[in-house]
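Residues per chain, in single letters:
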Amino acid sequence: MSLPPFDRVVTDHAAVVLRVCRAMLPHYDAEDAAADAFLAALEAYPRLRPGSDIRAWLVTIAHRKAIDVTRRRSRQAVPVESLPDIPATAQLDLPDERLWTALRALPDKQRHAVAYHYLADLPYAQVAMIMEISEVAARRNAADGVRTLRNTFASAPSGASAPSSQERTP
Amino acid sequence: MNQLDRLLRGSFGADSAAVEQLRASLTRQATSAGLIDVAFRTVDTPVGVLLVASTPLGLVRVAYDREGHDTVLDTLAQEISPRILSAPEQLDQVARQLDDYFARRRRHFDLPLDLRLSRGFRATVLRFLSDVDYGRTVSYADVASAVGSPRAVRAVGTACATNPLPVLIPCHRVLRSDGTVGGYVGGPEAKRALLALERPS
């Protein structure tokens, strides 16, 4: 058993890594963090044990890159909230921007848990490892995050579509 | 399905333009950082889509479609390094020279080659073949004699069949003694096409 060509890793997981970074960072930072994550992964790749879960490994790297970016930003004078997410004209082209904004507004732990379980499709055991918390805490954070998002969208002004089911738990 | 449900089903936020940009950015940065051990691209030719791959030392692999490009990349990952990335610009020269060759604007390739994928007797055979000129042909028996192993005709055939750099190293110019075309890694049609290309028109 040996490692697949890295190019295939990019093909298989680029969308997931991008989604995860977008959940955690403003648009322009997200693209940079995703590229940084893949570059770091490429450098470390020959040392990865064959048979490892590559997606979980990539999401762990993306998690750390995103935290690095967030820490760098918080050390700067301007708070993240007042930075424009994307140029105003481009914002009109991104119909999903409301959900990204709502995701990024969640408390850190909830945001991470929702991103890693739902966007990266990782089981809670792995989410817990990446976040360095217990699996129970990971599940609770994800559930709390989803509940907040549902409430945000349930109270949306008319014109936004309503949730298609009434279930309370995801 | 609304946005939230798409999120919860994992189909949210996929954006092929962003993925392409990510790829381009990664390739650019990885090239600058010298992290790509094997760069590859594909080249459209009259003998099909060729996969071409290079290391910092030079062109290391040319593969026909029928060899299975995914399989070829898997083999390169094992034999050279898994740090393999599509990097079309790094192989621009190769693509251009192949285009020129097929357009009959070029008879000799002027590219550094990385010959690590063939060793021993096979490497000896391929070194000899590099000197067989455009438009000429030799027989498997000729080659066996020329490399000092006149009885190793079958081994010469195997060396040709396992040539990691077809088209560049002209194993297509090797025919059977009885004049029939013989085998070819790219298939008989490709071999005939290359021979016809090189014949004076």
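Refer to the structure above for everything that follows.
Scoring rules and cut-offs
- Residues numbered from 1 in each chain as written.
- Chains lettered and ligands numbered in written order.
- Predicted model: local features only at pLDDT ≥ 70, side-chain atom pairs only at ≥ 80, totals over all residues.
- Heavy atoms only, no water.
- Helix = DSSP H or I, 4+ residues; strand = E, 2+ residues; numbered from the N terminus.
- Buried < 20%, exposed > 50% of the residue type's maximum accessible area, 1.4 Å probe, protein only.
- Contact = heavy atoms within 4.5 Å.
- Areas by Shrake-Rupley, 256 points an atom, 1.4 Å probe, with all protein chains shown as cover.
- Buried area = accessible area lost by both parts, 1.4 Å probe.
- Salt bridge = Lys/Arg side-chain N within 4 Å of Asp/Glu carboxyl O.
- Polar contact = N/O pair within 3.5 Å; in protein donor to acceptor, adjacent residues only side chain to side chain.
- Nonpolar A, V, L, I, M, F, W, Y, C, P; charged D, E, K, R; others polar.
- Pairing = 2+ DSSP bridges.
- Arc of directions from axis to C-beta.
- Core = buried A, V, L, I, M, F, W, Y, C linked by side-chain atoms within 4.5 Å.
- Axes fitted to C-alpha atoms, helices over the stretch in contact; angles between N-to-C directions.
- Phe/Tyr/Trp six-rings, centres within 6.5 Å; stacked < 30°, edge-to-face > 60°.

Student: Lay out the overall build of chain A in plain terms, naming residues and giving numbers.
Tutor: When helices and strands are tallied, chain A shows eight helices and zero strands. Start at the N end of chain A and walk to the C end: the helices and strands fall as α-α-α-α-α-α-α-α. A buried classification covers 48% of the 170 residues belonging to chain A. Residue pairs at least 24 apart in sequence account for 66% of intrachain contacts in chain A once pairs closer than 6 positions are excluded. As displayed, chain A offers around 8600 Å² of accessible surface, 53% of which is attributable to carbon and sulfur atoms.

Student: For the interface of chain A and chain B, give the residues involved together with the corresponding values.
Tutor: A common way to state how big an interface is: give the accessible area lost once the parts meet. Contacts between chain A and chain B engage 41 residues on the former and 33 residues on the latter. Together chain A and chain B conceal approximately 3300 Å² of surface at their shared face, both sides included; 64% is due to carbon and sulfur atoms. Three residues, D7(A), L39(A) and L42(A), lead the burial of chain A against chain B; their summed loss comes to 16% of the area buried on that side. Counting the contacts that link chain A with chain B gives three salt bridges. Notably, a salt bridge pairs D74(B) with R8(A), separated by 2.9 Å at the nearest N-O pair. Summed over the shared surface of chain A and chain B, the result is eight residue pairs in polar contact (both at pLDDT 80 or more). In terms of residue count, helix α1 (residues 6-24) of chain A provides more of the side of chain A that touches chain B than any other element does, ten residues in total. Its residues assigned to classes, the side of chain A that touches chain B shows 27 nonpolar, four polar and ten charged.

Student: Describe the pairing of strand β2 (residues 48-55) of chain B, naming the residues involved and giving the relevant values.
Tutor: Residues and elements named next belong to chain B. Buried residues dominate β2, accounting for six of its eight residues. By the bridge criterion, seven bridges tie strand β1 (residues 38-45) to β2 in an arrangement that is antiparallel. Of the residues in β2, the one forming a bridge with V43 is L50. Here β1 folds back onto β2 in antiparallel fashion, the turn holding two residues. By the bridge criterion, five bridges tie β2 to strand β3 (residues 58-63) in an arrangement that is antiparallel. Looking across to β3, one finds that A53 is bridged to R61. Count of turn residues in the β2/β3 antiparallel hairpin: two residues.

Student: Just give me the short version of helix α5 (residues 120-129) of chain B, but keep the residues and values in it.
Tutor: Residues and elements named next belong to chain B. All buried positions along α5 are accounted for by A123, V125, L126 and L129. Projected down its long axis, α5 carries its buried residues within an arc of 160°, all on one side. Residues of α5 that are exposed and angled more than 90 degrees away from the buried face: G120 and R127.

Student: Explain unusual backbone geometry to me, using residue names and the numbers behind them.
Tutor: Here the phi dihedral of E132(A) falls at roughly 55°; this positive angle occurs in a residue that is not glycine. Taking relative accessible area as the criterion, E132(A) reaches 71% and is therefore assigned exposed. Unusually for a residue other than glycine, R104(B) sits at a positive phi of about 65°. Along the chain, R104(B) falls in the loop between α4 (92-102) and α5.

Student: Could you give me a rundown of the nonpolar core, with the residues and numbers involved?
Tutor: Ranked by size, the top nonpolar core spans 107 residues in total, and within it F6(A), F38(A) and L129(B) carry the most contacts. Tallying contributions element by element places α1(A) first for this core, with eleven residues. Beyond its immediate stretch of four places on either side in the chain, L129(B) contacts V143(B), C160(B), I169(B), P170(B), C171(B) and V174(B). Among the nonpolar cores identified, the runner-up in size contains 13 residues, and L51(B), V60(B), L73(B) and A77(B) belong to it.

Student: Got a sec to walk through the sheet that holds β1(B)? Specific residues and values, please.
Tutor: Residues and elements named next belong to chain B. Judged by pairing direction, the sheet is mixed, and its four strands sit side by side in the order β3-β2-β1-β4 without closing on themselves. Two strands bound the open sheet, and with one partner strand each, they are β3 and β4 (84-86). Averaged over all adjacent pairs, the angle separating strand axes in this sheet is 30°, with direction ignored. Where β1 meets β4, three bridges bridge the pair, whose relative direction is parallel. In the strand pairing of β4, F40 is matched with S86. Lying over the sheet, α4 contacts β1, β2 and β3, oriented at roughly 25° with respect to β1.

Student: Any details on the pattern of salt bridges? Residues and values, ideally.
Tutor: Applying the stated criterion across every chain yields a total of 14 salt bridges over all chains. Salt-bridge contacts for D70(B) lead to R8(A); the nearest nitrogen and oxygen are separated by 3.8 Å. With D70(B) in helix α3 (residues 69-79) and R8(A) in helix α1, the pair connects residues from two separate chains. For R116(B), the salt bridge goes to D114(B), with nearest N and O atoms at 2.9 Å. When its relative accessible area of 36% is taken as the criterion, R116(B) is described as partly exposed. Taken together, the salt bridges that share partners define one network made up of R8(A), D70(B) and D74(B).

Student: Mind laying out the packing of aromatic side chains, listing which residues take part and the relevant values?
Tutor: Tallied over the entire structure, the rule returns seven aromatic pairs over all chains. Residues Y45(A) and W57(A) carry aromatic rings whose centres are separated by 6.1 Å and whose planes lie at 35° to one another, so their mutual orientation is tilted. One end of the pair, Y45(A), is in the loop between α2 (27-44) and α3 (54-75); the other, W57(A), is in helix α3, and twelve residues separate them in sequence. Judged on exposure class, the residue Y45(A) and its partner W57(A) are both buried. On the basis of an interplanar angle of 75° and a centroid distance of 5.1 Å, the ring pair of Y101(B) and F102(B) is categorised as edge-to-face. Each member of the pair, Y101(B) as well as F102(B), is classed as buried.

Coordinates in, geometry out; function isn't part of it.
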